[in-house]
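A structural walkthrough
Read off the chains here:
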Amino acid sequence: MADRPGDQWDRRVANGLAFLRRRLAGDYEVDEFGFDPELTDAVFHPLLRLLYRDWFRTEVSGVENVPVKGPALVVGNHSGTVALDALILSAALHDKHPAHRYLRLLGADLVFRMPVVSEIARKTGGTVACNPDAERLLGGGDLVGVFPEGFKGIGKLYADRYKLQRFGRGGFVSAALRTGTPIVPVAIVGGEEIYPMLADIKPLARLLKLPYFPVTPTFPWLGPLGMVPLPSKWLIEFCPPIPTAHLTDSADDPLVVFNLADQVRETIQQTLHTLLERRPDPFGP
């Protein structure tokens, strides 16, 4: 017999109470980095799902290029004034991937110095963007997500949207080479329009010890309401993986590292152009 509506709510309430009992009793596991899969699945992913599926109407393609098992380094473009693209990418990948894999994000030091934010980052699988942590995760067979543009990417002006910034010194490539891990470039369209950055008040950023202080069409003019992201249309495409197993002896060769980083960057940039052609209206259906 089909469940009655009341039966579904009874199950949800029972599951919710069981979840709370486990949390209060400490009957849950976290790994050495602080990752809490149960909390991620029960709290954070449902919230992000509302954003990527309903608010941003996200379309994901190429997920078959992400390995079903074993390590891979997922490298994406960064944008949006606030780094929502990293969170959206991790939730969308988990939902769309046939093995529902978790993406272990590498974040800047600033993220892990901020109260509350640092705890959330750890609980959802994040860790500091450094080669030792990246290599440990990759060595353990995890999917690792990195955004080599860093603050240069998320803090660029709207006039420079979808123009990739410099990829630093290619540290992410060295981590992939040392572990023989394939690199999966991913292009994300949509993040540039959620908080279009019109200006950067540098003196105020220095006073607050921030990498930038953004001025957008809604912030700081509307106060807290200015933090509501605009409902842009998002497209995410995972590109074919770039193998590195044959280059493990070249992890310390600057020329090899630079060329591979440039290949990844060019792949993402060209894919962005293709996706933008598919999405002529940033706020379309």
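Residues numbered from 1 in each chain as written. Predicted model: local features only at pLDDT ≥ 70, side-chain atom pairs only at ≥ 80, totals over all residues. Heavy atoms only, no water.

Considerations on the overall build of the protein chain
- Summing up its helical and strand segments, the protein chain has nine helices and nine strands in all.
- The C-alpha atoms of the protein chain give a radius of gyration of 20 Å, which matches the 19 Å a tight globule of 285 residues would have.
- Principal axes of the C-alpha set define a box for the protein chain whose edges measure 65 × 50 × 40 Å.
- Within the span of the protein chain, comprising 285 residues, buried residues form 45% of the whole.
- Across the protein chain, contacts joining residues at least 24 apart in sequence account for 78% of those joining residues at least 6 apart.
- Within the structure as shown, the protein chain displays about 14600 Å² of accessible surface, and the carbon and sulfur contribution to it stands at 61%.
- Looking at the protein chain, you have 31 positive and 33 negative side-chain charges, and the mean spots of the two groups are 4 Å apart. (Helix = DSSP H or I, 4+ residues; strand = E, 2+ residues; numbered from the N terminus. Rg over C-alpha atoms; globule rule 2.2 N^0.38 Å. Buried < 20%, exposed > 50% of the residue type's maximum accessible area, 1.4 Å probe, protein only. Contact = heavy atoms within 4.5 Å. Areas by Shrake-Rupley, 256 points an atom, 1.4 Å probe, with all protein chains shown as cover. Lys, Arg positive; Asp, Glu negative; His and termini not counted. Charge placed at Lys NZ, Arg CZ, Asp CG, Glu CD.)

So, empty space enclosed by the protein
- Within the structure shown, the criterion is met by one cavity of 30 Å³ or more.
- By volume, the largest cavity amounts to about 30 Å³.
- Lining the largest cavity are Gly80, Thr81, Ile154, Lys156, Leu157, Tyr158, Glu192, Tyr195, Pro196 and Met197.
- Grouping the amino acids of the lining of the largest cavity by side-chain chemistry returns six nonpolar, two polar and two charged. (1 Å grid on protein atoms, 1.4 Å probe; cavity = no way out; pocket = protein on both sides within 12 Å on 5 of 7 lines; lining within 4 Å. Points joined across faces, edges and corners; volume = space filled by probe spheres on them. Nonpolar A, V, L, I, M, F, W, Y, C, P; charged D, E, K, R; others polar.)

Focus: the confidence of the model for the protein chain
- For the protein chain, mean pLDDT is 90; residues scoring 70 or higher make up 92% of the total.
- Per-element confidence in the protein chain is highest for strand S9 (residues 235-238), whose mean pLDDT is 98, and lowest for helix H1 (residues 5-25), whose mean pLDDT is 66. (pLDDT = per-residue confidence, 0-100.)

Structural notes on the nonpolar core
- Core analysis: the biggest nonpolar cluster contains 30 residues, and Val75, Phe172, Val264 and Ile268 have the highest contact counts within it.
- When contributions to this core are tallied by element, the ones reaching two or more residues are strand S2 (72-76), helix H5 (131-139), strand S5 (143-146), helix H7 (171-179), strand S6 (183-189) and helix H9 (254-278).
- If one sorts the elements of this core by residue count, H9 sits on top with seven residues.
- Leaving out residues up to four positions away in the same chain, Phe172 has contacts with Leu73, Val75, Val146, Pro148, Phe167, Ala261 and Val264.
- Among the nonpolar cores identified, the runner-up in size contains 26 residues, and Val66, Leu143, Ile194 and Ile236 belong to it. (Core = buried A, V, L, I, M, F, W, Y, C linked by side-chain atoms within 4.5 Å.)

Quick word on the sheet that holds strand S1 (residues 59-61)
- Strand order in the open sheet formed by seven strands is S1-S9-S6-S2-S5-S3-S4, and the pairing between neighbours is mixed. Each having just a single partner strand, S1 and strand S4 (127-128) make up the two edges of the open sheet.
- Sitting on the sheet, helix H3 (residues 84-96) is in contact with S1, S2, strand S3 (103-107), S5, S6 and S9, with an inclination near 170° to S3.
- Along the sheet face, H9 touches S1, S2, S6 and S9 and points at about 35° away from the line of S6. (Pairing = 2+ DSSP bridges. Axes fitted to C-alpha atoms, helices over the stretch in contact; angles between N-to-C directions.)

Concerning the environment of Glu64
- Note on placement: Glu64 falls in the loop between S1 and S2.
- Taking the relative accessible area as the measure of exposure, Glu64 reaches 63% and is therefore exposed.
- Spatially, the C-alpha atoms of Glu64 and His97 are 7.6 Å apart, while their sequence positions differ by 33 residues.

Some remarks on the side chain of Thr181
- Secondary-structure assignment places Thr181 in the loop between H7 and S6.
- Owing to a relative accessible area of 1%, Thr181 belongs among the buried residues under this scheme.
- Leave out the neighbours within four places in its chain, and Thr181 touches Pro71, Ala72, Leu73, Leu138, Ala176 and Thr244.

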